[in-house]
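Examination of the molecular architecture
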Amino acid sequence: MVKVYLIGAGPGDVGLLTLKAVKAIEKADVVLYDRLIGDEVISMIKDMGKELVYVGKENYEKGCERQEEINWMIKKYVDEGKIVARLKGGDPFVFGRGGIEIEFLKKHGISFEVIPGVSSINGVPTSAGIPLTHPNVSSSILVVTGKEDLKKFYNFNGTIVVLMGKDKLGEICMDLIDAGRSPETPIAVIENGTLKNQRVITGNLKNITEIVKKEKVRGATLIVIGDVVKFRYG
Ligand SMILES: C[S@@+](CC[C@H](N)C(=O)[O-])C[C@H]1O[C@@H](n2cnc3c(N)ncnc32)[C@H](O)[C@@H]1O
């Protein structure tokens, strides 16, 4: 019998929660959820009468320590005989430490099932009307976090998607220009993608940092870089 469901909740919009995810949540007694789970997803789970426990990570530096606490919290609920739904933003295996959680569960002999989610990687650009590939301009996608050294990819000329890159935007743009991308390369910064307060800010490698500063971007942000941004609709 499955004791823990590791569930991808999608990028925020409750409509992007999969049917499989909802069915797993229905089976759970307690739901442990991360920071970027959409408010409407949380309201839906409240209405289902489930016990909700927030286990978000506020500070990246404390990530490992916090992760350890979360692992033991999951075990505590399982030891109490509860079925746990562990709800993660997007897909649990995309920059979400899902791999660490299943390692822990395996080590402690706890049965689990992983339920894929719509990742922000594709859900957010599509919701912003930006195709990640386009036959005329890009047939490949590079997905990185803001910590990545983009100069390594100087040969790559397809679409680049950056997660957790807001605070490094200036550096990312400079690195790409240094690596040979044109300063005119289009770029989109998408804040709170798929949600009602979604904002799409566009520019190019030369001017986007200034624009984003003026716009006071504060929410979860995903960056799309490349000529595909020109094909944005809406
Ligand atoms: C720790 S990563 C987790 C990614 C997640 N597992 C996934 O598959 O989307 C969190 C980052 O994903 C991006 N992200 C997640 N949801 C987003 C949203 N609704 N709008 C914009 N970016 C989002 C942001 O870059 C955020 O800092």
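Please refer to the structure higher up on the page.
Residues numbered from 1 in each chain as written. Predicted model: local features only at pLDDT ≥ 70, side-chain atom pairs only at ≥ 80, totals over all residues. Heavy atoms only, no water.

Observations regarding the overall build of the chain
To keep things clear, this is the line we draw: Numbering of helices and strands starts at the N terminus; helices are DSSP runs of H or I of at least 4 residues and strands are runs of E of at least 2. Here the globule rule reads 2.2 Å times residues to the power 0.38, and the radius of gyration is calculated from C-alpha atoms. Accessible area is worked out with a 1.4 Å probe on protein chains only. A residue is then buried under 20% of its type maximum, exposed over 50%, and partly exposed in between. Should any heavy atoms of two residues lie within 4.5 Å, those residues are counted as being in contact. Computed by Shrake-Rupley with a 1.4 Å probe, the accessible areas treat only the displayed protein chains as cover when residues are assessed. Counting rule applied: Lys, Arg positive; Asp, Glu negative; His and chain ends not counted. For the purpose of locating charges, the reference atoms are NZ of Lys, CZ of Arg, CG of Asp and CD of Glu.
The helix and strand inventory of the chain stands at seven helices and ten strands. Its C-alpha radius of gyration of 19 Å places the chain within 12% of the 17 Å reference for a compact globule of 234 residues. Every one of the 234 residues in the chain was classed for burial, and the buried ones make up 47%. In the chain, 63% of the contacts between residues at least 6 apart in sequence involve partners at least 24 apart. About 11900 Å² of surface is accessible on the chain, with carbon and sulfur atoms providing 52% of the total. Distance from the positive charge centre (33 side chains) to the negative charge centre (30 side chains) of the chain: 1 Å.

Quick look at helix 1 (residues 19-27)
To keep it simple, the criterion reads: The arc in question is the one traced by the directions running from the helix axis out to the C-beta atoms.
Among the residues of helix 1, Ala21, Val22, Ala24 and Ile25 are the ones counted as buried. Looking straight down helix 1, one finds its buried side chains confined to an arc of 165°; they lie on one side. Seen from the buried face of helix 1, the exposed residues on the opposite side, beyond 90 degrees, are Leu19 and Lys27. Looking at the packing, one finds that the buried side of helix 1 touches strand 1 (4-8), strand 2 (30-33), helix 2 (39-47), strand 4 (84-88) and strand 5 (112-115).

A short note on helix 4 (residues 98-107)
Every buried residue of helix 4 is listed here: Gly98, Glu101, Ile102, Phe104 and Leu105. Axial view of helix 4: buried residues confined to an arc of 155°, hence all on one face. Of the exposed residues in helix 4, the ones pointing more than 90 degrees away from its buried face are Glu103, Lys106 and Lys107. Positioned one or two residues after helix 4, Gly109 has a phi angle of 65°, which is positive.

Some remarks on the sheet that holds strand 8 (residues 186-191)
Note the threshold: Any two strands between which DSSP finds at least two bridges are classified as paired. Angular values range over 0 to 180 degrees, each being the angle between N-to-C directions of two axes fitted as lines to C-alpha atoms, with helices fitted over their stretch in contact.
Within the open sheet, the five strands sit side by side as 6-7-10-8-9. Their pairing is mixed. Two strands lie at the open edges of the sheet, namely strand 6 (141-145) and strand 9 (199-204), each paired on one side alone. Here the average twist between neighbouring strands, direction ignored, is 20°. Here strand 8 pairs with strand 10 (residues 221-225) via five bridges, running antiparallel. When the sheet's bridge partners are listed, Ile190 is paired in strand 10 with Leu222. Against the sheet, helix 5 (residues 120-127) touches strand 6, strand 7 (159-163), strand 8 and strand 10, its axis set at about 75° to strand 10.

Comments concerning the pattern of salt bridges
Where we set the bar: By salt bridge we mean one thing: a side-chain nitrogen of Lys or Arg within 4 Å of a carboxyl oxygen of Asp or Glu.
What the rule picks out here adds up to 16 salt bridges. One salt bridge in this structure joins Lys151 and Asp175, with 3.6 Å as the shortest N-O distance. In this pair, Lys151 is assigned in the loop between strand 6 and strand 7 and Asp175 in helix 6 (residues 169-178), connecting sequence segments 24 residues apart. Since its relative accessible area comes to 39%, Lys151 is described here as partly exposed. Classification of Asp175 as buried rests on a relative accessible area of 13%. Of the charged contacts, one joins Glu191 and Arg199 as a salt bridge, the two residues approaching to 2.8 Å between their closest N and O atoms.

Section: the packing of aromatic side chains
Let me state the cut-off plainly: Centres within 6.5 Å are what make two rings of Phe, Tyr or Trp a pair, Trp counting through its six-membered ring; a difference in plane orientation under 30 degrees is then read as stacked, over 60 as edge-to-face, and the rest as tilted. Two limits define a charge over a ring: the Lys NZ or Arg CZ must be within 6 Å of the ring centre, and within 35 degrees of the ring normal.
This structure, assessed with the given rule, holds two aromatic pairs. We note Lys76 situated over the ring of Tyr77; from NZ or CZ to the ring centre the distance is 4.2 Å.

A short note on the sheet that holds strand 2
What the five strands build is an open sheet, ordered 3-2-4-1-5; its pairing is parallel. Among the strands making up the open sheet, the edge pair consists of strand 3 (51-54) and strand 5. Pairwise comparison of adjacent strand axes, ignoring direction, gives a mean angle of 20° for this sheet. As judged from the four bridges shared by strand 1 and strand 5, these two strands associate in the parallel manner. Bridge pairing links Ile7 to Ile115 in strand 5.

Observations concerning empty space enclosed by the protein
To keep things clear, this is the line we draw: Detection works on a 1 Å grid of protein atoms alone, calling trapped sets that fit a 1.4 Å probe cavities and calling open sets with protein on both sides within 12 Å along at least five of seven lines pockets, with lining residues defined by an atom within 4 Å of a point. Grid points are joined across faces, edges and corners, and a volume is the space filled by probe spheres set on the points. Note that Gly is not counted as nonpolar here; it falls among the polar residues with everything else outside the nonpolar set of Ala, Val, Leu, Ile, Met, Phe, Trp, Tyr, Cys and Pro and the charged set of Asp, Glu, Lys and Arg.
Counted under the stated rule, the structure contains one cavity of 30 Å³ or more. Computed from the structure, the largest cavity encloses a volume of approximately 40 Å³. Together, Leu150, Phe153, Tyr154, Phe156, Ile160, Leu176, Ala179 and Arg181 line the largest cavity. In terms of residue class, the lining of the largest cavity is made up of seven nonpolar, no polar and one charged.

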